[in-house]
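Secondary and tertiary structure notes
The chain contents come next:
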Amino acid sequence: MTLPADIRFVQSHEFLVPGPDGATIGISKYAAEQLGDVVFVELPQVGRKVAKGESFGVVESVKAVSDLYAPLDGEIVAVNDALAAEPGLVGEDPYGRGWIVKIAPSDASQLTAAGTMDGAAYETFVGGL
């Protein structure tokens, strides 16, 4: 699986990919593998304001229920409605069709701020868990 060149990760295992219509947010492949088969994704309302580190939804799997945390401050501008019918996309294609929300950042510097990791740094991080 090829990662987008500009992907960033946070320690709570969400990723963000900057884009013209907001940062695309989802959970990492590592997090999806730890969860197992995803059976439900609770999505927030479009227009909701979120703060970095705030829970904005839930992913339920056959193993666990996990909160989703905003990796930056901003406003939810899109949700992946396909996850209602196919929640398994979160694990099957996390960096593609399994994205969860798009957030318009209130501070674009948070896209690459301290506390985010590139793909190599994230691999090192999860290797130490």
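If you're wondering where the values come from, they're calculated on a predicted model, not measured in any experiment. (Residues numbered from 1 in each chain as written. Predicted model: local features only at pLDDT ≥ 70, side-chain atom pairs only at ≥ 80, totals over all residues. Heavy atoms only, no water.)

1. Observations concerning the packing of aromatic side chains
Rule in force here: Note on ring pairs: Phe, Tyr and Trp rings are taken, using the six-membered ring of Trp, and paired if centres are within 6.5 Å. Classes follow the plane angle, with under 30 degrees stacked, over 60 edge-to-face and the rest tilted. Each helix corresponds to a stretch of at least 4 residues labelled H or I by DSSP, and each strand to a stretch of at least 2 residues labelled E; elements are numbered beginning at the N terminus. Burial classes: relative accessible area under 20% of the type maximum marks a residue as buried, over 50% as exposed, and values in between as partly exposed (1.4 Å probe, protein chains only). A ring is scored as having a charge over it whenever the NZ atom of a lysine or the CZ atom of an arginine sits within 6 Å of its centre and within 35 degrees of its normal.
Taken as a whole and assessed by the stated rule, the structure comprises 4 aromatic pairs. With 4.2 Å between their ring centres and 10° between their planes, phenylalanine 9 and tyrosine 122 make a pair best called stacked. Highlighted residues: phenylalanine 9 in strand S1 (residues 8-9) and tyrosine 122 in helix H4 (residues 119-127), separated in sequence by 113 residues. With a relative accessible area of 1%, tyrosine 122 lands in the buried category. Ring pairing ties together the aromatic residues Phe9, Phe15, Tyr95, Tyr122 and Phe125, which thus form one cluster. The side chain of lysine 102 reaches across the aromatic face of tryptophan 99, ending 5.3 Å from its centre.

2. Let's talk about the pattern of salt bridges
Put simply, the rule reads: Should a side-chain nitrogen of Lys or Arg be within 4 Å of a carboxyl oxygen of Asp or Glu, the pair is scored as a salt bridge.
Going through the model one piece at a time under the given rule, you end up with 3 salt bridges. In this structure, arginine 48 and glutamate 54 form a salt bridge, with 2.8 Å as the shortest nitrogen-oxygen distance.

3. Some words on the nonpolar core
Quick reminder of the rule: Residues grouped as a nonpolar core are buried Ala, Val, Leu, Ile, Met, Phe, Trp, Tyr and Cys residues, joined through side-chain atoms within 4.5 Å. Note on definitions: a residue-residue contact is assigned when non-hydrogen atoms from the two residues lie within 4.5 Å.
With 24 residues, the main nonpolar core has Ile25, Ile27, Phe56, Ile100, Val101 and Ile103 as its most contacted residues. Among the elements of the structure, strand S3 (23-27), helix H1 (29-35), strand S4 (38-42), strand S6 (55-61), strand S8 (74-79), helix H3 (89-92) and strand S9 (101-105) are those that each provide at least two residues to this core. Setting aside anything within four residues of it in sequence, one finds isoleucine 25 in contact with Glu14, Phe15, Leu16, Phe56, Pro71, Leu72, Trp99, Ile100, Val101 and Ile103. Counting 8 residues, the second largest nonpolar core, distinct from the first, contains Phe9, Tyr95, Met117 and Tyr122.

Nothing here speaks to function; it is geometry throughout.
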